[in-house]
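# Observations on chain architecture
Residues per chain are reported as follows:
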Amino acid sequence: MAHAESHVTIHMVASLDGFIARKDGSVDWLETSDKFAGGETMDAGSVEAFLETIDCYVMGSRTYETALGFEAKGLGWSYGDKPTIVLTRRELPRTRDTVEFYSGDLAQFVNGRLRPAFRSIWFVGGGVVSSECLRLGLADEVRYAILPILIGDGIPFFERLDRDIALHLAEVKAYDSGMVELRYLTAVADPAPGT
Ligand SMILES: NC(=O)c1ccc[n+]([C@@H]2O[C@H](COP(=O)([O-])OP(=O)(O)OC[C@H]3O[C@@H](n4cnc5c(N)ncnc54)[C@H](OP(=O)(O)O)[C@@H]3O)[C@@H](O)[C@H]2O)c1
């Protein structure tokens with residue numbers, strides 16, 4: 001049975017033209033230098049407190065490989081000590097105890113294993129895994145952070161979908177860095193007021 005309040009979020013940061021990485025996988029463009037007067041300030045304390053509310057992460061193997069690359073360059077591991085499930089059909093290096101590999105039926109895994117065990121489940125990319133999650137109707141919300149940059153080409157936020165997916169806009173936040181964060185709910189029928 002699903003955790004009474006389990007919640008599946010897809011979260012990624014994208015360029016204004018909808019890419020999460022360049023074609024070669026690089027994400028150097030994530031460092032932008034815009035200033036938006038009147039935008040909210042993202043302070044380290046509140047980011048840390050927010051990250052504490054996430055109970056587990058799910059990612060595709062290519063995203064994991066990028067994360068391993070960052071770690072190898074001394075840039076740290078972004079997922080703290082939270083359980084991190086990597087979807088892959090390959091044998092990949094396991095650099096920490098919190099990492100677990102999974103291959104197979106994603107719907108069964110999310111509904112049968114993750115939802116009963118975790119309240120806040122975050123899918124953190126990439127495009128292939130996000131699409132699979134949406135196609136299977138597994139996500140409750142999509143958080144789309146748009147950076148003030150166009151990169152022209154790259155890996156799209158969502159790989160091809162097989163149908164339209166209507167969303168309910170639940171929140172919009174603009175930051176002083178020029179980043180805009182949009183939060184959408186996938187359940188569009190009769191959204192509760194204020195959600
Ligand atoms: N801007 C951002 O916020 C952001 C966030 C995340 C990632 N990224 C970037 O996006 C790029 C990666 O995205 P991507 O779309 O190319 O790849 P991805 O979604 O990270 O990984 C796709 C891979 O996941 C595995 N997979 C997917 N579903 C599976 C399932 N049900 N069972 C088993 N394995 C499954 C397959 O790997 P195998 O081939 O190993 O079987 C598949 O090739 C990286 O460059 C990364 O840096 C950016």
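Summary of the structure given here.

Cut-off values and rules
Every chain begins its residue count from 1, and numbering advances along the sequence as written. For a predicted model such as this one, the threshold for reporting local features is a pLDDT of at least 70, and the threshold for listing and counting side-chain atom pairs is 80 or more; totals across whole chains, interfaces and linings nevertheless cover every residue. Side-chain numbers come from the whole structure's heavy atoms, not from hydrogens or water. In this analysis, strands are considered paired if DSSP registers two or more bridges between them. Strands here are runs of E lasting at least two residues and helices are runs of H or I lasting at least four, both read from the DSSP assignment and numbered beginning at the N terminus. Inter-axis angles, ranging from 0 to 180 degrees, are taken between N-to-C directions of lines fitted to C-alpha atoms, where helices are fitted over the stretch in contact. Each residue is assigned to one of three classes by its accessible area relative to the maximum for its type, calculated with a 1.4 Å probe on protein chains only: buried under 20%, partly exposed between the two thresholds, exposed over 50%. With the strands pointing away from the viewer, any crossover whose connection runs clockwise from the first strand over the helix to the second is right-handed. Under this definition, polar contacts are N or O atom pairs within 3.5 Å; protein pairs additionally need one hydrogen-donor-capable and one acceptor-capable atom, and for neighbouring residues in sequence, both atoms have to be side-chain atoms. The salt bridge criterion pairs a side-chain nitrogen of Lys or Arg with a carboxyl oxygen of Asp or Glu, the two atoms within 4 Å. When we say a residue is near a molecule or strand, we mean one of its heavy atoms is within 4 Å of it. Using the Shrake-Rupley algorithm and a 1.4 Å probe, accessible areas are obtained, with residue cover drawn only from the displayed protein chains. Each residue receives one of three labels: charged for Asp, Glu, Lys and Arg, nonpolar for Ala, Val, Leu, Ile, Met, Phe, Trp, Tyr, Cys and Pro, and polar for the others, Gly being one of them. Note on definitions: a residue-residue contact is assigned when non-hydrogen atoms from the two residues lie within 4.5 Å.

### Comments concerning the sheet that holds strand S7 (residues 141-147)
If you trace the eight strands from one edge of the open sheet to the other, you get S5-S4-S3-S6-S1-S7-S10-S9, paired in mixed fashion. Looking at strand neighbours, the two that pair on one side only are strand S5 (99-102) and strand S9 (168-174), the edges of this open sheet. Taken pair by pair, the neighbouring strands of this sheet meet at an average axis angle of 20°, ignoring direction. Across six bridges, the pairing between S9 and strand S10 (residues 180-185) is antiparallel.

### Here's the deal with the pairing of strand S4 (residues 84-87)
Here S4 shows no split at all, with Thr-84 and Val-86 on one side and Ile-85 and Leu-87 on the other all buried. Relative to S4, strand S3 (residues 56-60) is paired through four bridges, and the arrangement is parallel. Bridge pairing in S4 links Met-59 to Val-86. Taking the sense of rotation as the criterion, the β-α-β connection linking S3, helix H2 (residues 61-72) and S4 turns out right-handed. Across four bridges, S4 lies against S5 in parallel orientation. Considered in S5, the bridge of Thr-84 is made with Val-99.

### A short note on the environment of Thr-53
Tracing the chain through its elements places Thr-53 in the loop between helix H1 (44-52) and S3. For the pair formed by Thr-53 and Val-124, sequence separation is 71 residues and the distance between their alpha carbons is 15 Å. Only 2.6 Å separates the side chain of Thr-53 from the backbone oxygen of Phe-50, close enough to count as a polar contact.

### Focus on the pattern of salt bridges
When their charged atoms lie close together, side chains carrying opposite charge are able to pair. Per the stated rule, a full pass over the model turns up 11 salt bridges. The salt bridge involving Arg-96 is made with Glu-71; its shortest N-O contact spans 2.7 Å. Here Arg-96 is found in the loop between S4 and S5, whereas its partner Glu-71 is found in helix H2, with 25 residues between them in sequence. Classification of Glu-71 as partly exposed rests on a relative accessible area of 24%. The closest approach of N and O atoms between Lys-173 and Glu-171, which form a salt bridge, is 3.6 Å. Salt bridges sharing common partners tie together Glu-141, Arg-143, Glu-171, Lys-173 and Arg-183.

### Some remarks on the site of the ligand
Surveying the vicinity of the ligand reveals 26 residues, the closest of which are Val-13, Thr-63, Thr-88, Arg-90 and Glu-132. A distance of 2.6 Å separates a nitrogen atom of the ligand from a polar atom in the backbone of Val-13. Residue Val-128 places a main-chain N or O atom 3.0 Å away from an oxygen atom belonging to the ligand. Out of a free accessible area of 940 Å², the ligand has 90% covered by protein chains. Of all the secondary-structure elements, those providing two or more residues to the shell around the ligand are strand S1 (7-15), strand S2 (19-21), H2 and helix H4 (127-135). Per-class residue counts for the shell around the ligand are 11 nonpolar, 11 polar and four charged.

### Comments concerning the side chain of Glu-141
Along the chain, the position of Glu-141 falls in strand S7. Excluding its chain neighbours within four sequence positions, the residues that come into contact with Glu-141 are His-7, Val-8, Thr-9, Ile-10, Arg-183, Tyr-184, Leu-185 and Thr-186.

So yeah, pure geometry; function would need other evidence.
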